[in-house]
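Secondary and tertiary structure notes
Listed here are the chains, written in short residue letters.
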Amino acid sequence: MSTGCVIGVDLGGTKLLAGAVDPALNVHHRATRSSRGDDQAALLHTVVGAIREVRDAIEGASGTVEAVGIGIPCLIDAERGMAVTSTHLPLLDVPFRDLMAERLGLPVFVDNDANAAMVAEWRFGAAMGARDAALLTLGTGIGGGLVVGGALQRGSQGAGAELGHMVVQADGPRCNGNCPNRGCLEAMCSGTALAREASRIARERPSSALGHALADGREILGPLVTELAFDGDVAAIDAIALCGSWLGIGIANLVNMLNPDVVVVGGGVIAAGELLLGPARAVVAARALSPSREHVKIVAARFGAESGMLGAAALALDGIGAPA
Ligand SMILES: [Zn+2]
């Protein structure tokens, strides 16, 4: 194939994944970075470093990199390639596209990270062929993507589809970052919320494997909870099921609002698979309206935690006229 690779970047709230992707959506090299606690200058430096690592690996193997696509958890002004404002990252009116293009010497395309993930799953993944679909990415926060009537929905200012900030418990915990709200879906079943609930359960049940992990000084984060749950620890399974139930309440709202064909769940937390989706489906079956509740499929993202990276790559491929 004459077209070389593009680099897709998923810039999450605490970590970054970059990958070299060819027009058939094969991933040739990946680089990860932590973006936790970076200020704006450090964040931009981190992004450039990860992209350069991937580019060097490809060019070192005699390949070419033709463009870069970046998904950012941020309100994006698509026309000007600006990162306008972000709940989780120190980005305020940053000309992200032009800054990156200047530093990299490559064409750069930017979009909201969850919109990129929605596009990847809609065009190539778990929502392929759907006319109406929603996507929730459960990571540090919760990103949302919406396809209604066969078109991606961005809202009037590009700030729409913030599905993670629908309220599911009016007097619930404070939401994350710059969100002024309480009891948002993000506050109840993001990776951050899973870590919080699992830590609480670990304190309440010290004889569980989760409790022992806490006593041993291990940090109770999503991947550890998922590992213990797969090993059969009931406390860890309960923590994931609790988050799954909250997820189900959020999805029931989406189902009643949109009557979607499919709701796709991605992000790092979906590593828990059916331990998360089973309880969510049970809540939707009990709470959503018929016939929408029977029609909707609630499934894991085909590309798991890589949907955002692949969607950003697809954006770059589209941008240079070599659509995947
Ligand atoms: Zn919120």
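Residues numbered from 1 in each chain as written. Predicted model: local features only at pLDDT ≥ 70, side-chain atom pairs only at ≥ 80, totals over all residues. Heavy atoms only, no water.

**Let's talk about the coordination of the zinc ion**
Inclusion rule: Metal sites are built from N, O and S donor atoms within 2.8 Å, or 3.2 Å for Na, K and Ca, and they leave out water, so they may look incomplete. Irregular is the label for any site that misses the other tests, which are tetrahedral for four donors with all angles between 85 and 135 degrees, and square planar for four donors or octahedral for six when opposite donors exceed 155 degrees and the remaining angles lie between 65 and 115. A run of H or I in DSSP counts as a helix once it spans at least four residues, and a run of E counts as a strand once it spans at least two, with each numbered from the N terminus. Note on exposure labels: buried denotes an accessible area under 20% of the residue type's maximum, exposed denotes more than 50%, and partly exposed covers the range between, all computed with a 1.4 Å probe on protein chains only.
Around the zinc ion, the protein contributes the donor atoms His165 (ND1), Cys175 (SG), Cys179 (SG) and Cys184 (SG), at 2.0 to 2.3 Å from the metal centre. For the zinc ion, the four donor atoms in the first shell make angles of 103 to 123° at the metal, so the coordination geometry reads as tetrahedral. Taken in chain order, the donor set of the zinc ion reads H-x9-C-x3-C-x4-C. Of this pair, histidine 165 sits in the loop between β11 (151-152) and α4 (185-189) while cysteine 175 sits in the loop between β11 and α4, and the two are 10 residues apart along the sequence. Each member of the pair histidine 165 and cysteine 175 is classed as buried.

**Notes on the nonpolar core**
Put simply, the rule is: Only buried Ala, Val, Leu, Ile, Met, Phe, Trp, Tyr and Cys residues count toward a nonpolar core, and they belong to the same one when joined by side-chain atoms within 4.5 Å. Contact criterion: two residues are considered in contact whenever any of their non-hydrogen atoms come within 4.5 Å of each other.
Core analysis: the largest hydrophobic core is formed by 49 residues, its most contacted members being Leu136, Leu210, Val225, Leu247, Ile251 and Leu276. Per-element tally for this core: the top contributor is helix α8 (residues 234-258), with 12 residues. In this structure, leucine 247 is in contact with Leu136, Leu138, Leu185, Cys189, Val265, Leu276, Leu277 and Ala280, ignoring residues within four places of it in sequence.

**What about the sheet that holds strand β2 (residues 15-21)?**
How we decide: Strand pairing is defined by DSSP finding a minimum of two bridges between the two strands. Every axis corresponds to a line fitted to the C-alpha atoms, with the helix fit spanning only the stretch in contact, and the corresponding angles, defined between N-to-C directions, vary from 0 to 180 degrees.
The mixed open sheet is built from five strands, whose spatial order is β3-β2-β1-β4-β8. The open sheet is flanked by β3 (27-34) and β8 (108-112), the only strands paired with a single partner. Direction aside, neighbouring strands of the sheet carry axes that sit 15° apart on average. In this sheet, β3 lies alongside β2 in antiparallel orientation, the contact comprising seven bridges. Bridge pairing in β3 places leucine 16 opposite arginine 33. Most of the contacts of helix α3 (residues 113-124) go to β8, to which it runs at about 95°, and overall it touches β1 (5-11), β4 (65-72) and β8.

**Observations concerning the sheet that holds strand β10 (residues 142-148)**
With mixed pairing, five strands are arranged side by side in an open sheet as β11-β10-β9-β12-β13. Of all strands in the sheet, those bounded by a partner on one side alone are β11 and β13 (297-300). Where β10 lies against β11, two bridges are found, and the strand directions are antiparallel. Across the sheet, the residue bridging to valine 148 is alanine 151, located in β11. Sheet contacts for α3: β9 (133-138), β10, β11 and β12 (262-266); angle to β10, the most-contacted strand, approximately 50°. Sitting on the sheet, helix α9 (residues 274-287) is in contact with β9, β12 and β13, with an inclination near 165° to β13.

**Focus: the packing of helix α7 (residues 222-230) against α8**
Rules: Under this scheme an angle from 65 to 115 degrees is roughly perpendicular, one under 35 degrees roughly parallel, and one over 145 degrees roughly antiparallel; angles in between are oblique. Handedness of a crossing follows from how the near helix is turned relative to the far one, being left-handed for an anticlockwise turn of less than a right angle and right-handed for a clockwise one. Each residue is assigned to one class: nonpolar for Ala, Val, Leu, Ile, Met, Phe, Trp, Tyr, Cys and Pro, charged for Asp, Glu, Lys and Arg, and polar for all the others, Gly among them.
Where α7 contacts α8, the axes come no closer than 7 Å and their chain directions differ by 120°. With respect to their mutual orientation, α7 and α8 come out oblique. Relative to α8, α7 is oriented so that their crossing is left-handed. Residue-level inspection shows Val225, Thr226, Leu228 and Ala229 of α7 in contact with α8, the latter providing Ala236, Ile237, Ala239 and Ile240. Per-class residue counts for the contact of α7 with α8 are seven nonpolar, one polar and no charged.

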